[in-house]
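Below, each chain spelled out in residue letters.
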Amino acid sequence: MHEPALDVLNVYRQEAGLSQGELWLRYFELGGMSTGFELEAYLFGMLTPTARDHDVIAHALNERFSELGGDHPVAYLGEVHDT
Amino acid sequence: MSLIADPSSFGVTTTLEGQSTVLALRGKVENLAAFELSALLDSAIDRHPESVILDMSELEFVGAAGMVAISNAEKRLADMGAALTVRSPSILVNRLLAMMESAQEARLERALPGHGHLGPEDRSAVSVSPPRFASSLETSDLRRVTALPADPDVVDGALRLLVELARSCVSGADGVSVSLLRHGRLSTVAASDQTIMAMDADQYATGEGPCVDASLKGHWFHADSLDTETRWPSFTPRARGLGIKAILSSPLKAFEQPVGALNIYSRTAESFEIKDQETAAVFARKASVILSDARAGVSDSQMALRYKEALQSRKVITLATGIIMEREGMDEDDAFTALLRLSLYHGETLRGRAESTLLSARTPELPMEGSDA
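Residues numbered from 1 in each chain as written. Chains lettered and ligands numbered in written order. Predicted model: local features only at pLDDT ≥ 70, side-chain atom pairs only at ≥ 80, totals over all residues.

## Observations concerning the overall build of chain A
Helix and strand counts for chain A stand at 4 helices and 0 strands. Classification of the 83 residues of chain A by burial places 43% in the buried group. Restricting the contact set of chain A to residue pairs at least 6 apart, pairs at least 24 apart contribute 51%. (Helix = DSSP H or I, 4+ residues; strand = E, 2+ residues; numbered from the N terminus. Buried ≥ 20, exposed ≤ 12 C-beta atoms within 10 Å, placed from the backbone. Contact = placed C-beta atoms within 7 Å.)

## Focus: the nonpolar core
Residue and element names in this part refer to chain B. Among the nonpolar cores identified, the biggest contains 70 residues, and L162, A166, L262, I264, A280, F283 and A287 are the most heavily contacted of them. Summarising the domain contributions, this core has at least three residues from each of domain 1 (11-89) and domain 2 (148-293). Discounting chain neighbours no more than four positions away, the residues touching L262 are L162, A166, V178, S250, L252, A280, F283, A284 and A287. (Core = buried A, V, L, I, M, F, W, Y, C linked by C-beta atoms within 7 Å. Domains from an automatic or database assignment.)

## What to know about the environment of D53 of chain A
Residue and element names in this part refer to chain A. Mapping D53 onto the fold places it in helix α4 (residues 51-67). Classification of D53 as buried rests on a count of 20 C-beta atoms within 10 Å. For the pair D53 and S34, spaced 19 residues apart in sequence, the C-alpha separation works out to 8.1 Å. The residues touching D53, leaving out its near neighbours within four places in the chain, are G32, S34 and Y42.

## Regarding the interface of chain A and chain B
With 22 residues of chain A at the interface, the matching set in chain B holds 23 residues. At the level of elements, α2 (20-29), α3 (36-43) and α4 of chain A are the ones that each hand at least two residues to the side of chain A that touches chain B. For the side of chain A that touches chain B, the per-class residue count stands at 6 nonpolar, 9 polar and 7 charged. (Nonpolar A, V, L, I, M, F, W, Y, C, P; charged D, E, K, R; others polar.)

## Regarding the sheet that holds strand β6 (residues 185-191) of chain B
Residues and elements named next belong to chain B. If you walk across this open sheet you meet the 5 strands as β6-β5-β9-β8-β7, and the pairing is antiparallel. Each of the sheet's edge strands pairs with one partner strand only, and the pair in question is β6 and β7 (221-223). Ignoring which end each strand starts from, the neighbouring axes of this sheet average 20° apart. Running at roughly 155° to strand β9 (residues 257-266), helix α7 (residues 210-217) makes contact with β5 (175-182), β6, β7, β8 (246-254) and β9 of the sheet. (Pairing = 2+ DSSP bridges. Axes fitted to C-alpha atoms, helices over the stretch in contact; angles between N-to-C directions.)

## Topic: helix α1 (residues 8-15) of chain A
Residue and element names in this part refer to chain A. The complete set of buried residues in α1 reads L9, Y12 and R13. In an axial view of α1, the angular spread of the buried residues amounts to 105°, which keeps them on one side of the axis. Backbone geometry just downstream of α1 places G17 in the positive-phi region, at approximately 65°. (Arc of directions from axis to C-beta.)

## Here's the deal with the confidence of the model for chain A
Here chain A averages 86 in pLDDT, and 93% of its residues register 70 or above. Per-element confidence in chain A ranges from a low mean pLDDT of 86 for α3 of chain A to a high of 93 for α4 of chain A. (pLDDT = per-residue confidence, 0-100.)

## Quick notes on the confidence of the model for chain B
Residue and element names in this part refer to chain B. With 72% of its residues at a pLDDT of 70 or more, chain B shows a mean pLDDT of 75. Averaged pLDDT values over the elements of chain B bottom out at 31 in helix α4 (residues 140-145) and peak at 95 in helix α11 (residues 332-346). Below a pLDDT of 50 lies the segment residues 102-150, which in the model reaches 64 contacts outside its immediate sequence neighbourhood of four places, other chains included.

## Considerations on the environment of A269 of chain B
All names here are of chain B. The residue A269 is located in the loop between β9 and α9 (274-293) in this model. In the structure, A269 is positioned 22 residues away from I247 in sequence and 8.8 Å away in space, judged by C-alpha atoms. Once residues lying within four places of it in the same chain are set aside, the contact partners of A269 are D224, S225, D227, K245 and A246.

## Some remarks on the environment of E40 of chain A
With respect to the helices, strands and loops of the structure, E40 of chain A is situated in helix α3. For the pair E40 of chain A and N10 of chain A, spaced 30 residues apart in sequence, the C-alpha separation works out to 8.4 Å.

## So, the pairing of β6 of chain B
Residue and element names in this part refer to chain B. As paired strands, β5 and β6 are joined by 6 bridges and run antiparallel to one another. Bridging across to β6, S177 finds its partner in A191. Taking the residues that link successive antiparallel strands as the turn, the β5-β6 hairpin has 2 residues, and the phi of H183 there is positive, at about 55°.

See below:
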């Protein structure tokens with residue numbers, strides 16, 4: 001288990017150049033069920049998302065980084081890579 | 001008009017918590033209330049507390065003058081070795097405080113952002129995607145669940161603050177304004193003085209000028225000397241007539257669409273150096289985030305289209321997850337992770353992989369010879 005900084009997702013959000021509203025829409029698009037305010041609380045580490053929610057947020061950010069020509073810097077909690 | 005006092009009017013309750021003075025703020029800090037806040041902060045600081053705590057849990061709005069009052073109090077306290085602490089600020093106030101911090105960094109160190117370096121001015125043709133079709137999808141219900149409400153007061157307050165900060169942080173700035181597209185027309189929503197208002201209005205009237213170009217084309221435009229400028233033949237002489245020699249317009253965007261411009265005017269030619277251009281770009285980016293959150297410049301039909309696509313994407317991903325659950329005997333979370341794994345393996349978007357999964361499920365199996373299944 002690694003202990004990331006509380007607002008690590010928010011740091012990625014800023015690097016991805018997404019507003020919170022835009023990230024929420026992308027998260028919703030991928031099936032996310034939490035409200036915008038819950039998402040904000042996840043971003044700043046005030047609420048802990050479920051593993052599924054975390055991975056939906058991570059993937060929304062990673063797809064954005066892909067659009068910008070980058071790789072996928074945000075780690076997932078689920079086993080998404082072949083072991 | 002009701003005779004009952006406006007519940008959102010400004011109010012302060014002062015209490016002591018140990019060696020700290022707590023100022024609980026209510027309502028809106030605008031105009032006169034900012035002076036009141038400033039005076040209250042001064043008198044609290046005069047008592048030499050160990051710290052001053054601003055309780056913002058019931059604060060609805062802080063205008064630019066209020067932010068300056070808070071910032072001044074912070075500096076006075078810091079000089080005395082004491083601290084100013086902000087308790088329970090709302091999302092909006094947090095955002096304004098963050099802007100304030102970045103402005104101070106810019107003022108102290110002229111910090112350059114690590115990314116977003118300004119490239120050469122881009123004058124290439126802009127592709128503007130035409131509105132495809134108006135959707136019948138109702139946005140009002142969806143808007144209710146989106147992250148932040150679109151409140152024009154909030155946006156205008158933030159933009160007025162931006163104008164004030166840009167004027168104090170960009171050296172060579174004699175005047176600053178923000179133009180915004182509202183209902184298909186450009187207008188000035190914040191300006192540091194009347195001359196600047198007139199400069200902007202002139203550009204809207206003639207349809208030319210750096211502010212119009214930055215607002216519509218979404219690039220930055222820099223006229224470093226109006227004496228030699230040729231791009232805006234009818235606007236340039238009038239600007240010179242008002243004593244303006246240099247203009248720097250940075251685009252404001254919401255959802256990547258240009259929606260306005262941050263305009264900085266100078267009475268001195270060649271007064272904007274690279275560091276000033278970058279500081280202006282930092283402010284323009286901050287404002288763009290606020291505008292995106294407020295859905296500025298995004299029409300209902302564009303928003304409806306966006307929501308319709310989001311709903312379609314959700315549907316496809318949910319269906320694909322269901323198919324994997326059935327095929328693999330997995331629970332929903334594991335099926336979602338499996339879909340995610342497939343999308344990463346194939347280098348596709350999640351939605352793209354989900355669409356492929358749906359297609360594979362739709363392909364009818366060929367009936368076996370002689371089978372009646």
